[in-house]
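Coordinate inspection notes
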Amino acid sequence: MSGSSAANARPPVRAFLMAAGLGTRLYPLTGLTSKPMVPILNRPVMEHLLHLLRKHGVTEIAANLHYHPDKIGSYFGDGSEFGVELRYNLEEHLLGTAGGSDAFREFLSASTFLVMSGDGLTDADLSSFLEAHRRSGGVASLAVQEVEDPSLYGVVVHDDDLRVTGFQEKPLREEALSNLCNCGIYAFEPQIFDHIEPGVFTDWARDVFPALLREGLPFHVWKLESYWNDVGNIEQYRVGNFDALLGRVILDVPGRQISPGVWVGQGTEIEAGVRLKAPILLGAGCLIESGAKLIGPLIIGDGCVVECGAVLEGVIHWDGAKAGRDSRLAGSILGRNVVVHHEAVVHEDAVVGDRSVVAPHAQVAVGARLEPRTCVGPDEHCAGADKP
């Protein structure tokens, strides 16, 4: 049988998305939202992953759920609207990055399969990754990327044949044996399940990979040359959004481009006298009133309102957020349905959780982290906040 015929005879590659985590480092954005549902360019980060998998011919996908599982399930359903087939398993108790795959043991054991973090942002060439994995002949392959500061990551050590020889967890910079971090993107052969005990909390990096090393089983690294961001904290979330807006990672930008670097969703009204400085993404069904000033990079979600005289610079607003008349917002992130009343100020690096209210003339301090449903200012102005 020829090589091409053999390749055509292979069962399709399937994928497992690790989507059960709590996203604690993104809090308060994850107060009412699971991390895979956190928006990048106004779409859940997991949606971008589904598009990437489909682009590379991977359409049969499984995901484990735990935190706010209903929101993931109701948004993606069976995956048909996104061109894929999705199945889920709800973990009542977290089973770890590897343990969560056991529920899909039979589904994934048909052939080589991919595992990806359900909250990672990447445009990795998954086809090239799979080809390299098959050429290596190992039981596993890990996508890795060079980083400037290895002390912030778990790093992977390999030999001249790219075979993994060891790991270091956040080593001191001067003691790091590698500058390659683990990207949480894996290719596995079905025998990997020999190292996962059903119902037992199991982690790929802490349990499975060390077991492969102890047993002398070959597994390899693949150096990812394209974009990758683990969206691991607030700053990386901000960077990921703006990188996407600037085209540094290849994603579908929703809406139509009305001028260079300005995208607008369906039904959005921009009144005369609005100043727009690209790059800007406005979601669907928004109202931007005359006299407002929007300075990019800036992302505003669906159904948002920016009233006259408001000035927004370098901000990310989730769906339903409102910036009142003559308000000032710079370098901040607002969750869903946040209301900032007239002449209020939200300062640099502030993050305001879902359904919070900032009263007229009130100020949110630099670097503040506000819980969902927080009321800033006198209670009589905070009817929209469900104050704890």
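Placed above this text is the structure.
Rules of the game
Residues numbered from 1 in each chain as written. Predicted model: local features only at pLDDT ≥ 70, side-chain atom pairs only at ≥ 80, totals over all residues. Heavy atoms only, no water. Helix = DSSP H or I, 4+ residues; strand = E, 2+ residues; numbered from the N terminus. Buried < 20%, exposed > 50% of the residue type's maximum accessible area, 1.4 Å probe, protein only. Expected span 1.5 Å × (residues − 1). Arc of directions from axis to C-beta. Polar contact = N/O pair within 3.5 Å; in protein donor to acceptor, adjacent residues only side chain to side chain.

So, about the environment of Pro260. Structurally, Pro260 can be placed in the loop between strand E14 (256–259) and strand E15 (262–264). Separated by 17 residues in sequence, Pro260 and Lys277 have C-alpha atoms that sit 9.8 Å apart.

At the junction of Tyr27 and Pro28, the peptide bond is cis and its omega measures out at 15° in the coordinates. Position of Pro28 relative to the elements: it lies in the loop between strand E1 (14–18) and strand E2 (39–40). The omega torsion across Gly296 and Pro297 is 5°, close enough to zero to call that bond cis. Of note in the backbone geometry, Asn42 takes a positive phi value of approximately 70° without being a glycine. Mapping Asn42 onto the fold places it in the loop between E2 and strand E3 (43–44). Asn42 gets classed as buried once you look at its relative accessible area, which sits at 11%. Notably, Val231 is not glycine yet its phi reads approximately 45°, a positive angle. Summarising the element assignment, Val231 is placed in the loop between strand E13 (228–229) and helix H8 (234–245). Taking relative accessible area as the criterion, Val231 reaches 2% and is therefore assigned buried.

The end-to-end C-alpha distance of helix H7 (residues 204–215), which contains 12 residues, comes to 15 Å, matching closely the 16 Å that a straight helix rising 1.5 Å per residue would cover. Considered for burial, the residues of H7 that qualify are Trp204, Val208, Phe209, Ala211 and Leu212. Looking down the long axis of H7, one finds its buried residues gathered within 145° of arc, a one-sided arrangement. Looking at H7, the residues exposed on the side facing more than 90 degrees away from the buried face are Arg206 and Arg214. The backbone nitrogen of Ala205 has a side-chain oxygen 2.9 Å away, supplied by the residue at the start of H7, namely Asp203. Looking one or two places after H7, you find Gly216, whose phi comes out positive at around 70°.

These figures come from the coordinates and say nothing about function on their own.
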